[in-house]
Amino acid sequence: MRLRTHKLFLLLAGLMSTVTARADWTVNMTEGVTSLSRSIYSLHMTIFWICVVIGVLVFAVMFWSVIFHRKSRGAKPAEFHESTVVEILWTSVPFAILVAMAIPATKTLIEVYDADDAEVDIKITGYQWKWQYEYLDDDVGFFSNLKTGKEQIYNVRTKDPEYLLEVDEPMVVPVGRKIRFLVTAADVIHAWWVPALAVKKDAIPGFINEAWTKIDEPGIYRGQCAELCGKDHGFMPIVVDARSEADYQAWLDEKKAEAQKIRELTSKDWTLEELVARGEGVYTKVCAACHQPNGKGMPPMFPALDGSDMATNPARMLDHVDIVVNGKKGTAMQAFGGQLSEADLAAVITYERNAWGNKTGEMVTPKAILDYKQTGKLPEVQAGKAPEGGSI
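Residues numbered from 1 in each chain as written. Predicted model: local features only at pLDDT ≥ 70, side-chain atom pairs only at ≥ 80, totals over all residues. Heavy atoms only, no water.

Undergrad: Could you give an account of the sheet that holds strand β9 (residues 219-225), naming the residues involved and the relevant values?
TA: Pairing is mixed across the open sheet formed by five strands, whose spatial order is β4-β10-β9-β6-β7. Each edge of the sheet is formed by a strand with only one pairing partner; in this case those strands are β4 (171-174) and β7 (199-203). Each adjacent strand pair in this sheet contributes to an overall mean axis angle of 25°, direction not counted. Strand contacts of helix α5 (residues 245-265): β4 and β10 (237-243), with the helix running at about 135° to β4, the strand carrying the most contacts. (Pairing = 2+ DSSP bridges. Helix = DSSP H or I, 4+ residues; strand = E, 2+ residues; numbered from the N terminus. Axes fitted to C-alpha atoms, helices over the stretch in contact; angles between N-to-C directions. Contact = heavy atoms within 4.5 Å.)

Undergrad: Help me get a handle on the pairing of β9, residues and values and all.
TA: The pairing of strand β6 (residues 190-194) with β9 spans two bridges and is antiparallel. Of the residues in β9, the one forming a bridge with Trp 193 is Gln 224. Judged from the six bridges that link them, β9 and β10 form a sheet pairing that is antiparallel. Pairing of Gly 223 across the sheet is with Ile 238, part of β10.

Undergrad: Can you lay out the packing of helix α6 (residues 272-286) against helix α10 (residues 342-352) for me, pointing to particular residues and giving the numbers?
TA: The interhelical angle for the contact between α6 and α10, taken along N-to-C directions, is 95°, at an axis separation of 7 Å. Between α6 and α10, the angle falls in the class roughly perpendicular. When α6 is examined against α10, the residues Leu 272, Leu 275, Val 276, Arg 278, Gly 279, Glu 280, Val 282 and Tyr 283 are found in contact with a partner set consisting of Ala 343, Asp 344, Ala 346, Ala 347, Val 348, Thr 350, Tyr 351 and Glu 352. Grouping the amino acids of the contact of α6 with α10 by side-chain chemistry returns ten nonpolar, two polar and four charged. (Parallel < 35°, antiparallel > 145°, perpendicular 65-115°, else oblique. Nonpolar A, V, L, I, M, F, W, Y, C, P; charged D, E, K, R; others polar.)

Undergrad: Before we move on, can you summarise the nonpolar core with the specific residues and values?
TA: Formed by 37 residues in total, the largest nonpolar core has its most connected members in Ile 122, Tyr 133, Tyr 135, Met 171, Phe 181, Trp 192 and Val 240. No other element matches strand β5 (residues 179-185), which puts four residues into this core. Setting aside anything within four residues of it in sequence, one finds Phe 181 in contact with Ile 122, Ile 124, Met 171, Trp 192, Val 199, Asn 209, Glu 210, Ala 211, Trp 212 and Thr 213. If you look at the next biggest cluster of nonpolar residues, it comprises 30 residues, including Cys 287, Ala 288, Leu 340 and Ala 343. (Core = buried A, V, L, I, M, F, W, Y, C linked by side-chain atoms within 4.5 Å. Buried < 20%, exposed > 50% of the residue type's maximum accessible area, 1.4 Å probe, protein only.)

Undergrad: Before we move on, could you go through the layout of surface pockets and cite the residues and values that matter?
TA: Estimates place the volume of the largest pocket at around 1100 Å³. Element by element, the count of residues in the lining of the largest pocket is highest for helix α7 (residues 288-291), at four residues. Of the voids in this model, the second largest pocket is the one considered here, and its volume is about 940 Å³. Taken together, 31 residues make up the lining of the second largest pocket; nearest its centre are Gly 141, Phe 142, Ile 262, Gln 339 and Ser 341. Mapped onto the lining of the second largest pocket, the elements with two or more residues apiece are β2 (130-135), β3 (140-144), α5, α6 and α10. Here the lining of the second largest pocket is built from residues that sort into eleven nonpolar, nine polar and eleven charged. (1 Å grid on protein atoms, 1.4 Å probe; cavity = no way out; pocket = protein on both sides within 12 Å on 5 of 7 lines; lining within 4 Å. Points joined across faces, edges and corners; volume = space filled by probe spheres on them.)

Undergrad: Outline the confidence of the model for the chain, listing residues and values.
TA: Chain-level statistics for the chain give a pLDDT mean of 88 and a share of 90% at 70 or above. For residues 15-23, every residue scores under 50 in pLDDT, and the model assigns this stretch zero contacts once sequence neighbours within four places are set aside. Long-range and interchain partners of residues 381-388, a stretch whose pLDDT sits below 50, account for ten contacts in this model, where long-range means more than four residues apart. (pLDDT = per-residue confidence, 0-100.)

Undergrad: Tell me what's going on with the environment of Trp 251, and back it up with residues and numbers.
TA: Position of Trp 251 among the secondary structure elements: in helix α5. Each C-alpha atom of the pair Trp 251 and Val 172 lies 8.0 Å from the other, and the pair is 79 residues apart in sequence. Ignoring sequence-local partners within four residues, the contact set of Trp 251 consists of Tyr 135, Phe 142, Val 172 and Arg 243.

Shown next, in the form of structure tokens:
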């Protein structure tokens, strides 16, 4: 008897520890931090409780019938055919239930799709595997990339609390203002999803989908791409940084100043060392995921750049610029002409021609990239011939 009591006690203790360990775990949807998310949560709970009541009534009648009208009690089945009352009941009752559910659902859907009178418009473009945010009213735009280091992904270093959920450039928005999102994609289908904001929209190439939010309290709200978009699908998180109006304006002024500085870099006189230094950072951020930090790539899908003819042959400099700016159709090579500034394009191309074993001593300037975008040619490059001195 004591042994049984002891086992029962251990079992109860184990169950209690499991409950304690899972105290912060739930199967229900989050209530969110916006009026829209709370409306959706309220609709969800209303429909849920309607379904619970229906389930309780149906199972109650079923079990009552099974128990009190079973054959062992001598119950005789009723014999009837085409009962008008039954026909009316099983038609009118479900109809009334559906109407009762449709009224709050329609009200919430109208609210979900009402993106009118927005105070801030942000265009969101999905790329493999990053997000681009463009503030349409303020001429500010930037890319948001995964910040988690490769050391954590490959279990070389301990994972941070926000593993795979941190980015280098979060979307910053003001609280208390209605924000409209225009969601699209540049390559394949993505989905921009932030549960706390009750926003989940497909990003489809060639289409623009609308969504909106109005955040009440400052904070950091995280999400992820919710569409299987390729091998690094799990590496394109979303971070929304909601700030007070004053903090948001300060951030916006800072981004505008940064954009102006980047535009001014196009006319700057660069040295080879400056371009290589800048290009290393750009390469690590946008190229290393496919071509590897050491330039060895992952052939055949992602060819090696270290020692490649395109990155070392002076006569193929134009080809090198073209594939970086315009990409290559039918492959995973994206067109970076619309993603990077002229300075960053020139820097990363120069880096690739001088990194690892590619000691060509050649450089491409931002001015040359700007000329290429406008004319399709590089200065002094004709019929695949590079200029003397290796500088364009």
